[in-house]
Amino acid sequence: MDGSGKFVIPGLWDMHYHFEGAPGIREFNLLVANGVLGVRNMGGAAKEVFRAREQIASGQELGPQIVACGPIVDGPNPTNPPISVSVHDPQDARRTVRSLKAMGADCVKVHDGVPLDAYLAMAAEVKKVKLPLVGHVPVRVPTIQAANSGQRSIEHQIGFRGASTVEDEVMESEKTNDVFAEAMRTKNFRLIPESIAKKGNYILDHFSDQRAHELYRAFARNGTYLDPTLVTDRALTFVDEISKQADPRLKYIPAAQREWWNPERGMLTRYRTPAYIAFRKRQFKKTLQQIPVAHRVGVMFLAGTDTTIPFIYPGFSVHDELALFVQAGLTPLEALQTATINPAKFLGLEQSMGTVQPGRLASLVLLDADPLKDIHNTTKIFAVIIRGKLLSRSDLDAMLKAAETAVRK
Ligand SMILES: [Zn+2]
Ligand SMILES: [Zn+2]
């Protein structure tokens, strides 16, 4: 095709995605129409997502390539019970890793509550079955130990606890102080944001540039990628402002989901306190500041969005994430790499995607304007080529229309 005057980039990846229930045309179309041709699903309806993965791979469905973790591995009291499995001890942990492998998971996502001994057993077992360990750093695992144990990606953060001089103390206090259980017992849910703000401020008060540097070096040395999901961090930090804007993308979101995006109603937002809101603003600012610092030490970043969180839009929000990396201080090229070559390397797929060159899969996005001049130009999509199939602007518009219709059904 004649691409003169256009700019071609590799298909984009969202490296922290959650399908909302069973994957379907609404999400497939929103992703593909935005040039997001790969997603790493970080937990959700495991069987349905695995099935979608196969249907897309075999060409039965038009959608992004899916890499899927399956059920989230958490501790005895999981944060998301319906989509999690609990591990209590090392034996449990090993059995769980093997069952995830047998079920067809591409990765093992670890969550906050996994005990240290179980975590270390998982980190050893995933190597045997050749699955990457990814996700949160559990509250009982020192951050640097997660990197040194081979955790391949760390989500939602850039390591403030590990970069503080009080990590041991903070971890010690988790043992005796179960705020979540206390909040459930007393029905005083404000205890949760209150305690997050108190702990988070304490960590930021004790931030050490030297410890941060050591931690970033450990990430770089071990190949531990950071997937800070900045767009979610921003959405949860500025939800009062964002929720008042008339965003045209809201038409792609089902009413039931929009209902809990309302800050007054959503579980993640309704119990916020002024101290918590102030803390989030402080933390968000510091996160943006530290991204170029970590980047200069050699830390690899991934673009991820954490869909289903309020005001995160399938497909669209990847572009917002890239713009946030630029706002933080990366160049547009470096930001673009967080959704292209970095995911390809991370997933071991650099022989087939992540760059534009002969011999790679034809999964490309054609832009009307140069993204290296202005990162927002990644949204000016002229055409998408997905595994060799050309989708023109009018095809993409029809797909968006179909996504909108699927919402109203
Ligand atoms: Zn998460
Ligand atoms: Zn997530």
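Look above for the structure.
Asker: Explain the packing of helix 9 (residues 191-205) against helix 14 (residues 274-297) to me, and be specific about the residues and the numbers.
Answerer: At their nearest, the axes of helix 9 and helix 14 sit 9 Å apart, and the two run at 40° to each other. The way helix 9 lies across helix 14 gives a crossing that is left-handed. Contact with helix 9, carried on its side by Pro193, Ile196, Ala197, Gly200, Asn201, Leu204 and Asp205, involves Ala275, Tyr276, Phe279, Arg282, Gln283 and Lys286 of helix 14 and no other residues of that element. The residue inventory of the contact of helix 9 with helix 14, partitioned by class, reads seven nonpolar, three polar and three charged.

Asker: Can you break down the nonpolar core residue by residue, with the values?
Answerer: Counting residues in hydrophobic clusters, the biggest one holds 101 residues, and the most contacted among them are Met122 and Val384. What methionine 122 contacts, discounting residues up to four positions off in sequence, is Val73, Ala93, Val97, Val108, Val110, Val114 and Leu133.

Asker: Run through the coordination of the zinc ion (ligand 2), naming residues and quoting values.
Answerer: In a perfect tetrahedron of four donors around a metal, the angles come out at 109.5 degrees. In a perfect octahedron of six, they are 90 or 180 degrees. The protein atoms donating to the zinc ion (ligand 2) are His16 (NE2), His18 (NE2) and Asp306 (OD), with metal-donor distances spanning 2.1 to 2.2 Å. Expressed as a motif, the donor residue spacing for the zinc ion (ligand 2) is H-x1-H-x287-D. Separating the zinc ion (ligand 2) from the zinc ion (ligand 1) is a gap of 3.2 Å. Of this pair, histidine 16 sits in strand 2 (residues 12-17) while aspartate 306 is found in the loop between helix 14 and helix 15 (316-328), placing the two residues 290 residues apart along the sequence. Judged by its relative accessible area of 9%, aspartate 306 is buried.

Asker: Can you explain the pattern of salt bridges? Please cite residues and give values.
Answerer: With the rule as written, the count across this model stands at 25 salt bridges. Two residues, arginine 98 and glutamate 125, come together in a salt bridge whose shortest N-O distance is 3.1 Å. Residue arginine 98 is located in helix 3 (residues 90-103), and its partner glutamate 125 is located in helix 4 (residues 116-129); the two are separated by 27 residues in the primary sequence. A residue is classified by how much of its surface remains accessible, and arginine 98, at 43% relative accessible area, is partly exposed. Note on glutamate 125: relative accessible area 5%, which makes it buried.

Asker: Which residues make up the state of the cysteines, and what values do they have?
Answerer: Two cysteines, two sulfur atoms, one covalent bond between them: this is a disulfide. This structure, assessed with the given rule, holds one disulfide. Between the sulfur of cysteine 69 and that of cysteine 107 lies a disulfide, 2.2 Å long from S to S. A torsion of -105° about the S-S bond marks the disulfide between cysteine 69 and cysteine 107 as left-handed. Separated by 38 residues along the polypeptide, cysteine 69 in the loop between strand 4 (65-68) and strand 5 (72-74) and cysteine 107 in the loop between helix 3 and strand 7 (108-110) bring together distant segments of the chain. Of the two residues examined, cysteine 69 and cysteine 107, each falls in the buried class.

Asker: Could you give an account of the side chain of threonine 305, with specific residues and numbers?
Answerer: Along the chain, the position of threonine 305 falls in the loop between helix 14 and helix 15. A relative accessible area of 1% means that threonine 305 is categorised as buried. Within the structure, the side chain of threonine 305 is placed 2.6 Å from the side chain of aspartate 14, a separation counted as a polar contact. The residues contacting threonine 305, other than those within four sequence positions of it, are Asp14, His16, Thr229, Val231, Thr232, Ile312, Ser317 and Val318.

Asker: For helix 14, give the residues involved together with the corresponding values.
Answerer: End to end, helix 14 covers 35 Å across 24 residues, agreeing with the expected 34 Å (1.5 Å per residue, within 8%). Most pronounced at glutamine 290, the bend in helix 14 amounts to some 30°, and the proline proline 292 follows within four residues. Restricting attention to buried positions, one finds in helix 14 the residues Tyr276, Phe279, Arg280, Phe284, Thr287, Leu288, Gln290, Ile291, Pro292 and Ala294. Tucked inside the fold, the buried residues of helix 14 contact helix 6 (160-163), helix 9, helix 10 (209-222), helix 11 (230-237) and helix 15. The first or second residue beyond helix 14 is glycine 298, which carries a positive phi of 110°.

Asker: I'd like to hear about the packing of helix 11 against helix 14, residue by residue, with values.
Answerer: Helix 14 packs onto helix 11 with a crossing angle of 155° between their chain directions and a minimal axis gap of 9 Å. In terms of their interaxial angle, helix 11 and helix 14 are classed as roughly antiparallel. Crossing geometry of helix 11 relative to helix 14 is assigned as left-handed. Residues Leu230, Asp233, Arg234, Leu236 and Thr237 of helix 11 touch helix 14, and the partners they reach there are Arg280, Lys281, Phe284, Thr287, Leu288 and Ile291. Across the contact of helix 11 with helix 14, the residue classes tally to five nonpolar, two polar and four charged.

What counts and how
- Residues numbered from 1 in each chain as written.
- Chains lettered and ligands numbered in written order.
- Predicted model: local features only at pLDDT ≥ 70, side-chain atom pairs only at ≥ 80, totals over all residues.
- Heavy atoms only, no water.
- Axes fitted to C-alpha atoms, helices over the stretch in contact; angles between N-to-C directions.
- Helix = DSSP H or I, 4+ residues; strand = E, 2+ residues; numbered from the N terminus.
- Left-handed = near helix turned anticlockwise from the far one by under 90°.
- Contact = heavy atoms within 4.5 Å.
- Nonpolar A, V, L, I, M, F, W, Y, C, P; charged D, E, K, R; others polar.
- Core = buried A, V, L, I, M, F, W, Y, C linked by side-chain atoms within 4.5 Å.
- Buried < 20%, exposed > 50% of the residue type's maximum accessible area, 1.4 Å probe, protein only.
- Donors = N, O, S within 2.8 Å, 3.2 Å for Na, K, Ca; no water.
- Salt bridge = Lys/Arg side-chain N within 4 Å of Asp/Glu carboxyl O.
- Disulfide = S-S within 2.5 Å.
- Polar contact = N/O pair within 3.5 Å; in protein donor to acceptor, adjacent residues only side chain to side chain.
- Expected span 1.5 Å × (residues − 1).
- Bend = angle between axes of the 7 residues up to and from the residue.
- Parallel < 35°, antiparallel > 145°, perpendicular 65-115°, else oblique.

Don't take any of this as a statement about function, it's just geometry.
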